Amino acid sequence: SEAVVTPDSLDQSGPARIVSFSSGIHSRNFTLGQEGRSLVFRIRTPQTGQNGDRLAPKFGAIRAGVPHHVLVSYRPGTLTCYIDGRPVLMCSEIQGGFENWEEQTLLFGNEVSGDRPWRGGLESIALFSGFVGPEQARHHYELHAADLADRSEPTTVATRGKLVAMTETPSPESILPYRRALGVYVYEILDPADLGAGGAGAPGPADGHPAAGDRVL
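The present account deals with the structure reproduced in this document.

What counts and what doesn't
- Residues numbered from 1 in each chain as written.
- Predicted model: local features only at pLDDT ≥ 70, side-chain atom pairs only at ≥ 80, totals over all residues.
- Heavy atoms only, no water.
- Pairing = 2+ DSSP bridges.
- Helix = DSSP H or I, 4+ residues; strand = E, 2+ residues; numbered from the N terminus.
- Axes fitted to C-alpha atoms, helices over the stretch in contact; angles between N-to-C directions.
- Core = buried A, V, L, I, M, F, W, Y, C linked by side-chain atoms within 4.5 Å.
- Buried < 20%, exposed > 50% of the residue type's maximum accessible area, 1.4 Å probe, protein only.
- Contact = heavy atoms within 4.5 Å.
- Patch = residues over 30% accessible without salt bridge, like charges linked within 9 Å, V, L, I, M, F, W, Y side chains within 5 Å.
- Areas by Shrake-Rupley, 256 points an atom, 1.4 Å probe, with all protein chains shown as cover.
- Salt bridge = Lys/Arg side-chain N within 4 Å of Asp/Glu carboxyl O.

## Observations concerning the sheet that holds strand β7 (residues 78-83)
Taken together, the five strands give an open sheet; going across it, the order is β8-β7-β6-β1-β10, and neighbouring strands pair in antiparallel fashion. Each of the sheet's edge strands pairs with one partner strand only, and the pair in question is β8 (86-91) and β10 (120-126). For this sheet, the mean inter-axis angle between neighbouring strands, taken without regard to orientation, is 20 degrees. Two elements, strand β6 (residues 68-75) and β7, share six bridges in a ladder whose sense is antiparallel. Following the sheet pairing, Leu-71 is matched in β7 by Tyr-82.

Structure follows, in structure tokens:
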């Protein structure tokens, strides 16, 4: 598994589920999680058991607010964990294949039960069907680093807009095991010239307050 992980805090444990292929707190095929300043990986084999926790190595030294490119790869007898393209753990203690894997749910940021939340940013998630060696892991990190280098801060513009459509707000029960959902709001821009100027935008009417039904974006 591969992901770019940015923890909000180091005060997270359980382990807090970052990426999990599981059906509850006692059954999984694999889980990448956070335990304080370290990451932890559980993988299910006949040796490690239904929960993958008989051997669940911790690895790395992560920092809050900092993106970490994480890649974990396994083949029988070899578990290798990389952070930012460098191998930080090579474990030969875990043995066995995937013959005891079961149908599970792929989850991000929590467990199915909703009681192992992880707080942070998560992007560039990938799952591989084969073992990833050091050269390939380094290449994946370099692609991520190049992507970060090409990013720039978005331009911020203040303008007036009128709300014309919005998605229905879901109930907490309808999005379980997740606790947050994406809401989309569509606005009609009332001062389109502000967007072309790339500046701070107009404050609205002469008194500096939006007109009734308008909203400063």
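Still more ground to cover, so stick around.
## Details of the nonpolar core
Of all hydrophobic cores here, the largest spans 22 residues; its most connected members are Leu-39, Phe-41, Phe-59 and Leu-79. Of all elements in the fold, only β1 (2-7), β2 (16-24), β3 (27-35), β4 (38-43), β6, β7 and β8 reach the threshold of two or more residues within this core. The contacts of Phe-41, once residues within four sequence positions are left out, are Ser-1, Phe-30, Thr-31, Leu-32, Ala-56, Pro-57, Phe-59, Val-72 and Leu-79.

## Structural notes on the pairing of β8
Across five bridges, β7 lies against β8 in antiparallel orientation. Counted as the bridge partner of Leu-79 is Cys-91 from β8. The antiparallel pairing of β7 with β8 creates a hairpin that spans two residues between the two strands, and Asp-84 there sits at a positive phi of about 55 degrees.

## Observations concerning a nonpolar patch on the surface
Residues Leu-106, Phe-108, Ile-125, Leu-127 and Tyr-178 make up a contiguous nonpolar surface patch of roughly 400 Å² in combined accessible area. Along the chain, Ile-125 falls in strand β10. A residue is classified by how much of its surface remains accessible, and Ile-125, at 35% relative accessible area, is partly exposed.

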